[in-house]
Amino acid sequence: MTEIATQVELDGQYRALREEAGFLARERAMLLVGGPDAADYLQGQLTNDVEGLEPDQGCYAALLDRKGHLVADMRVLRLSHTHADNLWLDTEPSAFEPLRKHLETYKIGREVEIADASADWTITSVIGPASVEMAGVPPVSPEHAQSYSELDGIEILAVATDQGVDLITRPQAADAVAERLVAAGAVPVSKGATEIVRVESGRPRFGLDMGPEFMPAEAGIVERAVDFEKGCYIGQEPVARLHYRGKPNRSLRGLRLSAPAAPGDSLVLGEREVGRVGTPCISPALGPIALAVVRREAAEGEQLTVGDDGVTAEVVELPFSA
């Protein structure tokens, strides 16, 4: 009975995210990188063009090892003119320590200050077509664009996302922000509901769908995370070589499942394992689906065997379509 109730609740939250707006507190770890050399320093460490960002702009980027494998992915924000020397990075908690350690290690000889800001700020994600309206902030576009405002004494940095807007505030203001959102008609939602929306959109998550064993091309993040015209950065050569001279042996795909699957379930084509399930979910619109990085031979339309329980999966292109 509890499972039925939970699924009904999840369906309602999903509907709010797709038709109006829902919100939740994000679990993210944050760094502030400041000082006169901050942008130049990050330019040589990360995959995207940090130096090209104007105040109130941002980008998605990754930190790689020398073989081009992922160490962390993150959002990079160049803050407003009053804090233009400061760059904000937020990442998955599991990637935070490798990212922080790397940036601290290689900053020697540069005027760069790196501060853990995780306890100083909180992120409330508002997702859905009415997200900006219900958040009561000025419209922000494109993704990663920012707008600062003060609402009822609450300082808010609004950041455009692919599905709505993130509200960055002091932790002590989080409850007041939630109350404002509920009063405007937004629905509190669970992480499970937002994960369905993420999987449907085809965006991988570090630690679930991609990690240190993958290169950006394999994880499906090249178009968003890599600038091929910028200067050198760690891991650039293998990334460029793969981009210009070949195709990855594996890549991110969607799976339409015959029944629910579990993270890590094997994916077999014929008698060969071609990958493992990343993030699975049950979409109210599409049924059981998942993200997975699979080998090249598992092309669109192929039928895969999932795990040991007779579940099958059809390989599809991303994002998912109804």
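Details of the structure are given in the entry above.
Please read these numbers as outputs of a predicted model, since none were measured by experiment. (Residues numbered from 1 in each chain as written. Predicted model: local features only at pLDDT ≥ 70, side-chain atom pairs only at ≥ 80, totals over all residues. Heavy atoms only, no water.)

Asks: What am I meant to see in the environment of Val-306 here?
Replies: Secondary-structure assignment places Val-306 in strand 16 (residues 303–306). Once the C-alpha coordinates of Val-306 and Pro-138 are considered, the two residues, 168 residues apart in sequence, prove to be 46 Å apart. Leaving out residues up to four positions away in the same chain, Val-306 has contacts with Leu-257, Ala-261, Asp-265, Ser-266, Leu-267, Val-277, Val-311, Thr-312 and Ala-313. (Helix = DSSP H or I, 4+ residues; strand = E, 2+ residues; numbered from the N terminus. Contact = heavy atoms within 4.5 Å.)

Asks: For this particular structure, what's the right way to read the pairing of strand 14 (residues 272–283)?
Replies: Working note: regular strand, side chains alternate between the two faces of the sheet. Here strand 13 (residues 266–269) runs beside strand 14; their pairing, made up of four bridges, is antiparallel. Considered in strand 14, the bridge of Ser-266 is made with Arg-276. With antiparallel pairing between neighbouring strands as the criterion, strand 13 and strand 14 make up a hairpin whose turn holds two residues, including Gly-270 at a positive phi of roughly 70°. Where strand 14 lies against strand 15 (residues 287–295), seven bridges are found, and the strand directions are antiparallel. Bridged to Gly-275 within strand 15 is Val-294. Linking two consecutive strands that pair antiparallel, namely strand 14 and strand 15, is a turn of three residues. (Pairing = 2+ DSSP bridges.)

Asks: It is not clear to me how the side chain of Thr-91 should be interpreted in this structure. Could you clarify?
Replies: Checked against the element boundaries, Thr-91 lands in strand 5 (residues 87–91). A polar contact of 2.7 Å, which involves the side chain of Thr-91, links it to the backbone oxygen of Asp-73. Excluding its chain neighbours within four sequence positions, the residues that come into contact with Thr-91 are Arg-28, Ala-29, Ala-72, Asp-73, Met-74, Phe-96 and Leu-99. (Polar contact = N/O pair within 3.5 Å; in protein donor to acceptor, adjacent residues only side chain to side chain.)

Asks: Is there a simple way to explain the pattern of salt bridges in this structure?
Replies: According to the stated counting rule, one finds 20 salt bridges in the structure shown. A salt bridge links Glu-200 to Arg-18; the nearest nitrogen and oxygen atoms lie 2.5 Å apart. In this pair, Glu-200 is assigned in helix 6 (residues 191–201) and Arg-18 in helix 1 (residues 2–19), connecting sequence segments 182 residues apart. Overall, Arg-18 belongs to the partly exposed group, its relative accessible area being 34%. Among the ionic pairs, Arg-253 bridges to Glu-317, the shortest N-O distance being 3.5 Å. With Arg-253 in strand 12 (residues 250–257) and Glu-317 in the segment after strand 17 (311–316), the pair connects residues that are 64 residues apart, well separated along the chain. (Salt bridge = Lys/Arg side-chain N within 4 Å of Asp/Glu carboxyl O. Buried < 20%, exposed > 50% of the residue type's maximum accessible area, 1.4 Å probe, protein only.)

Asks: Could you clarify how one ought to interpret the sheet that holds strand 1 (residues 22–25) in this entry?
Replies: Strand pairing in a sheet relies on backbone hydrogen bonds, with the paired strands running either antiparallel or parallel. With mixed pairing, the six strands of this open sheet are ordered in space as 8-9-10-7-1-11. Among the strands making up the open sheet, the edge pair consists of strand 8 (146–151) and strand 11 (187–188). Sheet topology places strand 9 (residues 154–160) next to strand 10 (residues 164–169); four bridges connect them, and they run antiparallel. When the sheet's bridge partners are listed, Leu-157 is paired in strand 10 with Ile-168.

Asks: For this particular structure, what's the right way to read the packing of aromatic side chains?
Replies: Aromatic ring pairs are reported here in terms of the distance separating the ring centres and the angle at which the planes meet. Scanning the model with the defined rule gives two aromatic pairs in all. Note on Trp-88 and Trp-121: the rings are 6.4 Å apart at their centroids and 70° apart in plane angle, and the pair reads as edge-to-face. Of this pair, Trp-88 sits in strand 5 while Trp-121 sits in the loop between strand 6 (113–116) and strand 7 (122–127), placing them 33 residues apart in sequence. Trp-88 sits in the buried class, given a relative accessible area of 3%. Ring centres 5.7 Å apart and planes at 70° place the aromatic pair Phe-228 and Tyr-244 in the edge-to-face group. With Phe-228 in the loop between helix 8 (222–225) and helix 9 (236–245) and Tyr-244 in helix 9, the pair connects residues that are 16 residues apart, well separated along the chain. Using a relative accessible area of 58% as the deciding quantity, one classes Tyr-244 as exposed. Lying over the aromatic face of Trp-121, Arg-170 brings its terminal NZ or CZ to 3.7 Å of the ring centre. (Phe/Tyr/Trp six-rings, centres within 6.5 Å; stacked < 30°, edge-to-face > 60°. Lys NZ or Arg CZ within 6 Å of the ring centre and 35° of its normal.)

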